[in-house]
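Take a look at the letters that make up each chain.
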Amino acid sequence: MKPFRWWQLLTRALFHLPLSPGYAVDLPYRANSGSGKARAHLYVGGRHHAVSKLPAAFPVEGGTIEVAISAFGVKRCHYVTTAGAECQLIPDPRSAEGRRARVDRDRPGLSRSIGYLSVLMLLIGVGLNLLQLAEPISGIPAIADSVGRFTSPVHLPIWLNLALAVGAALGSTERSLRLRYSLLDQAGK
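Let me sum up the structure you'll find in this document.

Reading the values: rules and limits
- Residues numbered from 1 in each chain as written.
- Predicted model: local features only at pLDDT ≥ 70, side-chain atom pairs only at ≥ 80, totals over all residues.
- Heavy atoms only, no water.
- Pairing = 2+ DSSP bridges.
- Helix = DSSP H or I, 4+ residues; strand = E, 2+ residues; numbered from the N terminus.
- Expected span 1.5 Å × (residues − 1).
- Buried < 20%, exposed > 50% of the residue type's maximum accessible area, 1.4 Å probe, protein only.
- Core = buried A, V, L, I, M, F, W, Y, C linked by side-chain atoms within 4.5 Å.
- Contact = heavy atoms within 4.5 Å.
- Axes fitted to C-alpha atoms, helices over the stretch in contact; angles between N-to-C directions.
- Parallel < 35°, antiparallel > 145°, perpendicular 65-115°, else oblique.
- Left-handed = near helix turned anticlockwise from the far one by under 90°.
- Nonpolar A, V, L, I, M, F, W, Y, C, P; charged D, E, K, R; others polar.

Our next topic: the sheet that holds strand β9 (residues 90–91). Strand order in the open sheet made by the five strands is β4-β3-β2-β1-β9, with antiparallel pairing throughout. In the strand order of this sheet, the two ends are held by β4 (47–53) and β9, each with one partner. Across four bridges, the pairing between strand β2 (residues 23–27) and strand β3 (residues 39–44) is antiparallel. Looking across to β3, one finds that V25 is bridged to L42.

Right under this line is the structure:
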């Protein structure tokens, strides 16, 4: 297995399961997630053992390693035992996910504030953009006849809409670094 390098922060994720013989999941996902060719690689004892399209489920000793990604990063990277217990794999300390986990561990107050800010950015960005998008959609004759026309109370300039969209994308990316994923993140795409 190739070691994680600093220049791979935006193109690779690496997770470890500290069970003997030592499992690792390598995700070069950010480079090719949109093409449908994203793959997860399983390493056992430092040697390549298996590769799978994402979402992936690797059978390992005592259970399964489940891996899934979103457009913004990792959705799930868990070890599920045969009894049904789940535990999240540990991100490599040099990866973006590992660095975010270190902030969470070393500075919990700052981490909590960043987490609240990411949710706020998602709510505001998605909420205001959906509110503005509802007006032209309600103008479609079939929808206008059945539901009525909607007039948005909010009309923002294009630059502010773009800034809100970027903020929502950053919020989703931050949440993916913590392996937090919900319907809210799906809307932030």
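Now that the structure has been shown, we can carry on.
This part takes up helix α4 (residues 158–177). Helical periodicity: at 3.6 residues per turn, an α-helix aligns residues three or four positions apart in one direction. Helix length check: α4 (20 residues) gives 29 Å between terminal C-alpha atoms against 28 Å at 1.5 Å per residue, within 8%. Turning to α4, its buried residues number three or more, namely N161, L164, G167, A168, G171, S172, E174, R175, S176 and L177.

We now examine the environment of M121. Turning to its location among the elements, M121 is positioned in helix α2 (residues 108–138). Distance in space between the C-alpha atoms of M121 and S172 is 8.8 Å, their sequence separation being 51 residues.

Another aspect to go through is the nonpolar core. Among soluble globular proteins, nonpolar side chains are generally buried collectively. Counting residues in each nonpolar core, the largest one holds 21 residues, and the members touching the most others are V25, L27, I65 and V67. Looking at this core, the elements that each hand over two or more residues are β1 (13–17), β2, β3, β5 (56–60), β6 (63–70) and β7 (73–81). In contact with V67, not counting residues within four places along its chain, are V25, L27, A40, L54, P55, A56, R76 and C77.

With that settled, the discussion passes to the pairing of β6. Each regular strand displays side chains that alternate between the two surfaces of the sheet. Most of β6 is tucked away: six of the eight residues are buried. Two strands pair when backbone bridges link them, and β5 and β6 are joined in this way by five bridges, in the antiparallel orientation. Considered in β6, the bridge of A56 is made with V67. The antiparallel hairpin formed by β5 and β6 contains two residues in its connecting segment, where G62 sits at a positive phi of about 85°.

Right, let's talk about the packing of α2 against α4 for a bit. At a minimum axis separation of 8 Å, α2 and α4 run at an interaxial angle of 140°. Taken together, the axes of α2 and α4 are oblique relative to one another. Relative to α4, the crossing made by α2 is left-handed. Where α2 abuts α4, its residues I114, G115, S118, V119, M121, L122, I124, G125, V126, L128, N129 and Q132 lie against N161, L164, A165, G167, A168, L170, G171, S172, E174 and R175. Looking at the contact of α2 with α4, its residues break down into 11 nonpolar, nine polar and two charged.

Checked against the element boundaries, R100 lands in helix α1 (residues 96–106). Aside from chain neighbours lying at most four places away, what touches R100 is S111, I114, G115, E174, L177 and R178.

Our focus in this paragraph is the sheet that holds β6. Taken together, the four strands give an open sheet; going across it, the order is β5-β6-β7-β8, and neighbouring strands pair in antiparallel fashion. The sheet is open, and its two edges are formed by β5 and β8 (86–88), each paired on a single side. For this sheet, the mean inter-axis angle between neighbouring strands, taken without regard to orientation, is 25°.

Position of L131 relative to the elements: it lies in helix α2. On the basis of relative accessibility, which here comes to 28%, the residue L131 falls in the partly exposed class.

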